[in-house]
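An overview of the molecular structure
Listed below are the residues making up each chain.
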Amino acid sequence: MGEAPPLEGSSWVAGAESRTIKIVLHGLRGTIEVRSKTYNQEMPGFGPILTDADIASLLSYVRRRFGGASTPTSEAAVSLIRAANRGRMDYWTVDELIKEP
């Protein structure tokens, strides 16, 4: 198994909160570039086993610790994204996620 992308200094961690929520809910598959290095790993989704509160807490910590975010991720934000993507069964791809604001 290869090296996973670092969280520290990652624009993915510091970027749009909705992207990180989607990744935790449904996972990410395919090539991703972090800090000028390309990775091709798979991160499974944890939506089926984590509550919205769990995901909000996890992302609040990760985004504050590794991305410099000062505003915590809310349970309501996770709930909205979970509901909007309720029928999704596949992992997200980088191409899908970068098309969104």
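For the structure, check the block above.
The present account deals with the structure reproduced in this document. (Residues numbered from 1 in each chain as written. Predicted model: local features only at pLDDT ≥ 70, side-chain atom pairs only at ≥ 80, totals over all residues. Heavy atoms only, no water.)

1. Focus: a nonpolar patch on the surface
A contiguous nonpolar patch, built from M43, F46 and I49 and spanning about 270 Å² of accessible area, is present on the exposed surface. Residue class for I49 comes out exposed when judged on its relative accessible area of 64%. (Patch = residues over 30% accessible without salt bridge, like charges linked within 9 Å, V, L, I, M, F, W, Y side chains within 5 Å. Areas by Shrake-Rupley, 256 points an atom, 1.4 Å probe, with all protein chains shown as cover. Salt bridge = Lys/Arg side-chain N within 4 Å of Asp/Glu carboxyl O. Buried < 20%, exposed > 50% of the residue type's maximum accessible area, 1.4 Å probe, protein only.)

2. What to know about the packing of aromatic side chains
Scanning the entire structure with this criterion turns up one aromatic pair. When the ring centre of Y91 is taken as reference, the NZ or CZ atom of R29 above it lies at 3.9 Å. Positioned above the aromatic ring of W92 is the side chain of R88, whose terminal nitrogen or guanidinium carbon lies 3.6 Å from the ring centre. (Phe/Tyr/Trp six-rings, centres within 6.5 Å; stacked < 30°, edge-to-face > 60°. Lys NZ or Arg CZ within 6 Å of the ring centre and 35° of its normal.)

3. Here we look at helix α3 (residues 52–67)
Restricting attention to buried positions, one finds in α3 the residues D52, I55, A56, L59, S60, V62 and R63. Check the buried side of α3 and you find it contacts α1 (11–14), α2 (17–26) and α4 (75–84). Residue G68 follows α3 closely and has a positive phi angle near 75°. (Helix = DSSP H or I, 4+ residues; strand = E, 2+ residues; numbered from the N terminus. Contact = heavy atoms within 4.5 Å.)

4. Points about the packing of α2 against α4
The relative placement of two packed helices is expressed as an angle between their axes plus a distance between the axes. Taken N-terminus to C-terminus, the directions of α2 and α4 make an angle of 65°; their axes are 10 Å apart at the nearest point. Relative to α4, α2 is oriented so that their crossing is right-handed. Contact residues: α2 offers E17, S18, I21, K22 and L25, while α4 offers A77, V78, I81 and R82. Among the residues making up the contact of α2 with α4, the classes are represented as five nonpolar, one polar and three charged. (Axes fitted to C-alpha atoms, helices over the stretch in contact; angles between N-to-C directions. Left-handed = near helix turned anticlockwise from the far one by under 90°. Nonpolar A, V, L, I, M, F, W, Y, C, P; charged D, E, K, R; others polar.)

5. Observations regarding the environment of S79
Relative to the helices and strands, S79 resides in helix α4. For S79, a relative accessible area of 28% translates into the label partly exposed. Separated by 26 residues in sequence, S79 and A53 place their C-alpha atoms 8.8 Å apart.

6. Focus on α2
Counted residue by residue, α2 has eight buried out of 10 residues, so it is predominantly covered. Within α2 the residues assigned to the buried category are R19, T20, I21, K22, I23, V24, L25 and H26. Those residues of α2 that are buried are in contact with α1, β1 (27–34), β2 (37–44), α3, α4 and α5 (94–98). A positive phi of about 90° marks G27, the residue just after α2.

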